[in-house]
Amino acid sequence: MTKILILGGGFGGVRCALDLDKKFKEQAQITLVDRNSYHLFLPSLYEVAAIYETNKDPFTVKMRKTVCIPYKDIFAGKKINFIQAEISAVDLKEKSVRTKGGEILSCDYLVIALGSQTADFGIPGVREYAYQFKNIDDAVAINVKIGKLIKKMDSGEKMDLLKILIGGAGFSGIEFAAEISCCVKKICRERGMRDKHAIITLIEAGPKILPMVSDSERNIISKRLTELGVVLMENSPIEEVGASFVKLKSGQILEGDMVVWTAGIKANEFLKSIAGLPVTDRGKIIVDENLLVQGWKNIFAVGDNQEFIDPKTQKPVPALAYTAVDQGKVVAGNIYNILNGKNTEAYKPYYGVWIAPVGGKFSSAHLWGGWKVSGFAGWIIRELVDLRYLVSILPFRKAIAVFRQEITMFTKND
Ligand SMILES: Cc1cc2nc3c(=O)[nH]c(=O)nc-3n(C[C@H](O)[C@H](O)[C@H](O)COP(=O)(O)OP(=O)(O)OC[C@H]3O[C@@H](n4cnc5c(N)ncnc54)[C@H](O)[C@@H]3O)c2cc1C
């Protein structure tokens with residue numbers, strides 16, 4: 001039986017496994033390996049970081065469950081073997097993989113879908129002092145820290161304003177800044193405080209936030225952030241980060257109770273350890289139009305860990321959940337086609353759609369055909385998109401249960 005091994009159960013890996021399962025009856029043995037027991041729904045991580053009053057243990061468990069979807073639920077009833085293990089070595093020639101526990105897994109087809117990691121751009125202090133924003137533990141750590149600061153304010157131990165500094169005003173930074181602002185507003189309302197209670201500063205190195213969106217969309221997002229009380233600093237590259245400050249290249253020092261780093265991602269450093277893997281200057285795997293790793297047969301790469309140059313723009317396809325999903329589909333189709341003597345199909349990238357939640361029940365969305373929606377309607381669309389994804393990976397009832405849980409938990413700040 002043909003063995004197909006998928007490394008990483010993120011958006012690309014899970015889609016590839018599920019599509020392979022649909023396509024193959026008996027012909028293939030599908031195995032997916034991930035270090036975690038759950039698939040992390042990253043688009044809602046900002047909610048976990050910013051949700052109100054979660055430092056009670058059972059609640060934190062509930063909160064984790066809304067974004068950490070167990071693989072056992074996703075793969076229930078499927079012919080997919082899931083192995084929870086840290087991958088420690090990959091041998092491309094042998095098509096074999098070693099796990100930290102010493103297990104050796106070999107295969108005929110390999111799909112590398114190991115995602116990305118936080119980029120610190122070499123800025124001193126980012127790794128040591130800033131709160132990172134890439135996995136569930138990062139999000140819970142931010143949440144717990146904010147909870148502690150609020151407790152200190154309640155007890156009178158902390159007398160000044162709550163000051164949160166956020167490095168990087170991409171989608172993640174904007175989503176988190178807006179939501180944490182809603183959270184703080186809610187806390188103030190509950191305590192009958194009218195005065196300004198927090199300063200949330202969103203710091204962007206570039207001349208403007210979200211350079212890829214239109215001016216009118218950017219204005220809507222900036223206006224919303226300002227209304228929520230977020231201080232937006234554009235053109236402000238960061239030189240150094242400390243536990244309670246950010247130093248800008250201009251020499252200005254901003255003080256805060258905590259620094260959250262949302263400034264970008266880079267290739268998974270683990271890739272460097274794989275002999276013979278062709279990578280770009282930025283360390284991402286080079287693939288051909290069929291998503292085959294350049295120079296290798298039967299080895300594919302999908303998602304954030306690879307770089308696909310869009311033939312239309314000659315620029316890399318952005319690292320997004322739905323581009324990873326599309327790539328996972330294409331690879332599943334190509335493995336099926338190869339095994340059945342058919343031609344492989346080229347990946348045709350599409351990434352013209354985005355939805356940015358900007359605090360509470362407000363999202364700004366740029367949809368198919370350039371259709372733009374903002375506000376509550378945008379929020380509804382975002383929720384429907386989340387639901388659609390959940391339904392695509394989970395049995396219907398499970399998907400609805402997770403979605404209901406998400407709505408109940410994540411509207412607590414609104
Ligand atoms: C905070 C945040 C918010 C985002 N919001 C959005 C959004 O709203 N919309 C959108 O389209 N995109 C969003 N993205 C981007 C999107 O999440 C990524 O592009 C997407 O997750 C990429 O999918 P992937 O399969 O390549 O990698 P991932 O989803 O990152 O999955 C990689 C998997 O590999 C596993 N892994 C890595 N190394 C090892 C190892 N050595 N051993 C075992 N397992 C390993 C990891 O545990 C993980 O499960 C967001 C990203 C972040 C960080």
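Note that the structure is predicted; figures quoted are calculated from it, not measured.

**Q** Describe the overall build of the chain, with residues and values.
**A** In terms of helices and strands, the chain carries eleven helices and 26 strands. Taking 414 residues into account, the globule formula puts the C-alpha radius of gyration at 22 Å, and the chain, at 22 Å, falls close to it. Seen through its principal axes, the chain has C-alpha atoms that stretch 70 × 45 × 45 Å. Every one of the 414 residues in the chain was classed for burial, and the buried ones make up 54%. A total accessible area of about 19100 Å² is found for the chain, and carbon and sulfur atoms account for 53% of it.

**Q** Which residues make up the environment of Thr118, and what values do they have?
**A** For Thr118, the position within the fold is in strand β10 (residues 116-118). For the pair Thr118 and Thr262, spaced 144 residues apart in sequence, the C-alpha to C-alpha distance is 8.1 Å. Not counting chain neighbours up to four residues away, the residues in contact with Thr118 comprise Gln132, Lys134, Trp261, Gly264, Ile265 and Lys266.

**Q** Tell me about the domain arrangement of the chain, and please be specific about residues and values.
**A** When cut into domains, the chain gives domain 1 (2-35 + 85-117 + 266-339) and domain 2 (126-263 + 354-410). With nine residues of domain 1 at the contact, the number on the domain 2 side is five residues. Carbon and sulfur atoms supply 52% of the area buried between domain 1 and domain 2, which totals about 520 Å² over both sides. The tally of links from domain 1 across to domain 2 stands at one salt bridge. We note a salt bridge from Glu269 to Arg127, for which the minimum N-O separation is 3.9 Å.

**Q** Summarise the pattern of salt bridges; cite the residues concerned and give the values.
**A** When the charged atoms of two side chains lie near each other, side chains of opposite charge can form a pair. All chains considered together, the criterion is met by 17 salt bridges. The closest approach of N and O atoms between Asp215 and Arg218, which form a salt bridge, is 2.6 Å. Of the two residues, Asp215 and Arg218 both sit in helix α8 (residues 215-227), three residues apart, roughly one turn of that helix. Several salt bridges converge on common partners, so that one network encompasses Asp120, Arg127, Lys266 and Glu269.

**Q** Explain the sheet that holds strand β26 (residues 372-375) to me, using residue names and the numbers behind them.
**A** Strand order in the open sheet formed by three strands is β24-β25-β26, with antiparallel pairing between adjacent strands. Either end of the sheet is taken by a strand with one partner, and the two such strands are β24 (354-357) and β26. In this sheet, neighbouring strand axes are inclined to one another by 5° on average, regardless of whether the strands run parallel or antiparallel. Both strand β25 (residues 363-366) and β26 contribute to a ladder of four bridges, which runs antiparallel. Bridge pairing in β26 places His366 opposite Lys372.

**Q** Lay out the pairing of β24 with the relevant residues and their values.
**A** Residues of β24 alternate between two faces, with Trp354 and Ala356 on one and Ile355 and Pro357 on the opposite face, all of them buried. Both β24 and β25 contribute to a ladder of four bridges, which runs antiparallel. Note on β25: the bridge partner recorded for Trp354 is His366. Between β24 and the antiparallel strand that follows it, β25, lie five residues; Gly359 among them carries a positive phi value of about 85°.

**Q** Summarise the site of the ligand; cite the residues concerned and give the values.
**A** In the vicinity of the ligand there are 28 residues, among which Gly12, Asp34, Ile87, Asp304 and Ala321 approach most closely. Within the side chain of Asp34, an N or O atom sits 2.6 Å from an oxygen atom of the ligand. For the ligand, an oxygen atom lies 3.3 Å from a polar atom in the backbone of Leu320. Across the complex, the protein chains shield 89% of the 1000 Å² of accessible surface that the ligand would expose by itself.

**Q** Let's hear about a nonpolar patch on the surface: which residues, and what values?
**A** A contiguous nonpolar patch, built from Phe376, Ile380 and Leu384 and spanning about 280 Å² of accessible area, is present on the exposed surface. Turning to its location among the elements, Phe376 is positioned in helix α10 (residues 376-393). Taking relative accessible area as the criterion, Phe376 reaches 49% and is therefore assigned partly exposed.

**Q** How would you summarise unusual backbone geometry if you had to cite specific residues and measurements?
**A** A positive phi is found at Phe121, a non-glycine position, where the angle reads about 50°. Residue placement: Phe121 occurs in the loop between β10 and α5 (126-129). Its relative accessible area of 55% is what places Phe121 among the exposed residues. Even without glycine at this site, Leu210 takes up a positive phi of about 40°. Within the element layout of this structure, Leu210 appears in the loop between β12 (198-203) and α8. On the basis of relative accessibility, which here comes to 2%, the residue Leu210 falls in the buried class.

**Q** Mind laying out the environment of Val90, listing which residues take part and the relevant values?
**A** Within the secondary structure layout, Val90 lies in strand β6 (residues 87-91). Judged by relative accessible area, Val90 falls into the buried class, the value being 9%. Once residues within four sequence positions are removed from consideration, Val90 is found in contact with Leu7, Ser96, Val97, Leu110, Phe270 and Ile274.

**Q** Describe the pairing of strand β2 (residues 28-34), and please don't skip the residues or the numbers.
**A** A large share of β2 lies buried, amounting to six of its seven residues. You can see the chain leave strand β1 (residues 2-7), run along helix α1 (residues 11-23) and come back into β2, and the turn it takes is right-handed. Here β2 pairs with strand β5 (residues 80-84) via five bridges, running parallel. Along β5, the bridge assignment pairs Val33 with Ile83.

**Q** Requested: an account of the environment of Arg218, with residues and values cited.
**A** With a relative accessible area of 6%, Arg218 lands in the buried category. Spatially, the C-alpha atom of Arg218 lies 9.3 Å from that of Ser364, the residues being 146 residues apart in sequence. Sequence-distant contacts of Arg218, that is, excluding residues within four places in its chain, are made with Lys208, Ile209, Leu210, Pro211 and Val213.

The rules behind each value
Residues numbered from 1 in each chain as written. Predicted model: local features only at pLDDT ≥ 70, side-chain atom pairs only at ≥ 80, totals over all residues. Heavy atoms only, no water. Helix = DSSP H or I, 4+ residues; strand = E, 2+ residues; numbered from the N terminus. Rg over C-alpha atoms; globule rule 2.2 N^0.38 Å. Buried < 20%, exposed > 50% of the residue type's maximum accessible area, 1.4 Å probe, protein only. Areas by Shrake-Rupley, 256 points an atom, 1.4 Å probe, with all protein chains shown as cover. Contact = heavy atoms within 4.5 Å. Domains from an automatic or database assignment. Buried area = accessible area lost by both parts, 1.4 Å probe. Salt bridge = Lys/Arg side-chain N within 4 Å of Asp/Glu carboxyl O. Pairing = 2+ DSSP bridges. Axes fitted to C-alpha atoms, helices over the stretch in contact; angles between N-to-C directions. Near = heavy atom within 4 Å. Polar contact = N/O pair within 3.5 Å; in protein donor to acceptor, adjacent residues only side chain to side chain. Patch = residues over 30% accessible without salt bridge, like charges linked within 9 Å, V, L, I, M, F, W, Y side chains within 5 Å. Right-handed = clockwise from strand over helix to strand, strands pointing away.

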